[in-house]
Amino acid sequence: MHCGANLDDRANNSLASVDTALDRAAEREQVVELYAHNPGVTVPIATLEHVLAGARDRGLPFVTYAELAAGHPGGAGIALSFDDQFVAAWSALRPLLAEYGARVTFFVSRYHQLPEDLHIQLHELAADGHDVAAHSVLHFRAPDYVEDHGLAAYMKDEVLPSIQILRDEGFNVTSFAYPFGARTSELDDAILEHVGVVRSVAFSYDGTVQSACPH
């Protein structure tokens, strides 16, 4: 089970705190995990470029969640991901990501509601070397859904269809991100029977990016 720190403005993480996290990853030979949602709306493009440039300047290779699920051998790196269904905004990032040689992961929710042109754009992102992964069907908060309907229902309604629809479209889905980062150990165990990695979030609203998922 992995956790990422939020780059969106509402998380109140300063660029200085992000730099510290990148420095720590390089010094400790760890993979720092950062995520955002809608480029240019929830997170400034300048923030994303700062992260990309910071990774380049520190020699941090980009790691996708598919690589983590496959047993990444370790060492310093950065796993950058984007959540939800902002495919057009992600596609607009292609030149910037290519400029920095970045490979990132897109955790997609509500895939069945996306128009065909956005399906095509996701395939273009995958062809660029990016990872496309699952983020539930309708983005419900998982523990609440389990409380109301049971674990089996959450798996049947939200997890397994979100994985299968992407696999049926040709994406190699090997990870799942929790909506809102809301999780339990019971959920982890159930979902990890179907993917190699689940990602939650490290809450850092004090403005400091700490190591994600502390022991």
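Here's a quick rundown of the structure. Quick caveat: nothing in here was measured; it's all calculated off a predicted structure.

**Focus: the pairing of strand β3 (residues 77-84)**
So, step 1. Extensive coverage of β3 is indicated by the burial of 8 of its 8 residues.
So, step 2. Of the pairings in the sheet, the one linking strand β2 (residues 31-36) to β3 comprises 6 bridges and is parallel in character. Looking across to β3, one finds that Tyr35 is bridged to Ser81.
So, step 3. Note that β3 and strand β4 (residues 105-108) share 4 bridges and pair parallel. Looking across to β4, one finds that Phe82 is bridged to Phe106.

**Things to note about the pattern of salt bridges**
So, step 1. The final tally for this structure, using the stated rule, is 10 salt bridges.
So, step 2. The partner of Arg94 in a salt bridge is Glu124, and the shortest N-O contact between them spans 3.4 Å. Of this pair, Arg94 sits in helix α5 (residues 94-99) while Glu124 sits in helix α6 (residues 116-127), placing them 30 residues apart in sequence.
So, step 3. Of the residues examined, Arg94 reaches a relative accessible area of 27% and is grouped as partly exposed.
So, step 4. Between Asp188 and Arg183 there is a salt bridge, and its shortest N-O distance comes to 2.5 Å.
So, step 5. A relative accessible area of 28% places Arg183 in the partly exposed class.
So, step 6. Salt bridges sharing partners connect three or more residues here, namely Asp19, Asp23 and Arg58.

**Overview of the packing of aromatic side chains**
So, step 1. Taken as a whole and judged by the stated rule, the model has 6 aromatic pairs.
So, step 2. Ring geometry for Tyr65 and Phe107: centres 5.3 Å apart, planes at 65°, overall edge-to-face. One end of the pair, Tyr65, is in helix α3 (residues 65-69); the other, Phe107, is in strand β4, and 42 residues separate them in sequence. The two residues Tyr65 and Phe107 agree in class, both being buried.
So, step 3. A network of ring pairs unites the aromatic residues Phe82, Trp90 and Phe106 as a single cluster.
So, step 4. The ring centre of Phe180 lies 4.3 Å from the NZ or CZ of Arg141, which sits over that ring.
So, step 5. Its end group placed over the ring of Tyr35, Arg199 keeps NZ or CZ at 4.4 Å from the ring centre.

**Details of helix α2 (residues 45-58)**
So, step 1. If you check α2, its first and last C-alpha atoms are 20 Å apart, about what 14 residues at 1.5 Å a residue would give, namely 20 Å.
So, step 2. Residues of α2 that are buried sit in contact with α1 (15-28), β2, β3 and α5.
So, step 3. Of the residues one or two after α2, Gly59 is the one with positive phi, at around 70°.

**Points about the nonpolar core**
So, step 1. Grouped together as the largest cluster of nonpolar side chains are 55 residues, with contacts concentrated most on Leu7, Leu34, Ile78, Phe82, Leu122 and Phe176.
So, step 2. Ranked by residues supplied to this core, first place goes to helix α8 (residues 151-168) with 6 residues.
So, step 3. What Ile78 contacts, discounting residues up to four positions off in sequence, is Leu22, Val31, Val32, Leu34, Val51, Ala55, Leu60, Pro61, Phe62 and Val63.
So, step 4. Counting 8 residues, the second largest nonpolar core, distinct from the first, contains Leu68, Ala133, Ala177 and Val197.

**Here's the deal with the side chain of Asp131**
So, step 1. Mapped onto the elements of the fold, Asp131 is located in strand β5 (residues 131-134).
So, step 2. Nearest to the buried, unbridged Asp131 among oppositely charged side chains is Arg103, at 8.3 Å.
So, step 3. Beyond its immediate stretch of four places on either side in the chain, Asp131 contacts Thr64, Tyr65, Ala66, Val104, Thr105, Phe106, Asn172 and Ser175.

**Quick word on the pairing of strand β7 (residues 197-202)**
So, step 1. Of all 6 residues in β7, 6 are buried, a share of seventy percent or more.
So, step 2. Here strand β6 (residues 175-177) runs beside β7; their pairing, made up of 3 bridges, is parallel. The residue of β7 that forms the bridge with Ser175 is Val197.
So, step 3. A crossover connection joins β6 to the parallel β7 through helix α9 (residues 185-191); in handedness this β-α-β unit is right-handed.

So, how was this worked out
Residues numbered from 1 in each chain as written. Predicted model: local features only at pLDDT ≥ 70, side-chain atom pairs only at ≥ 80, totals over all residues. Heavy atoms only, no water. Buried < 20%, exposed > 50% of the residue type's maximum accessible area, 1.4 Å probe, protein only. Helix = DSSP H or I, 4+ residues; strand = E, 2+ residues; numbered from the N terminus. Pairing = 2+ DSSP bridges. Salt bridge = Lys/Arg side-chain N within 4 Å of Asp/Glu carboxyl O. Phe/Tyr/Trp six-rings, centres within 6.5 Å; stacked < 30°, edge-to-face > 60°. Lys NZ or Arg CZ within 6 Å of the ring centre and 35° of its normal. Expected span 1.5 Å × (residues − 1). Contact = heavy atoms within 4.5 Å. Core = buried A, V, L, I, M, F, W, Y, C linked by side-chain atoms within 4.5 Å. Lys, Arg positive; Asp, Glu negative; His and termini not counted. Right-handed = clockwise from strand over helix to strand, strands pointing away.

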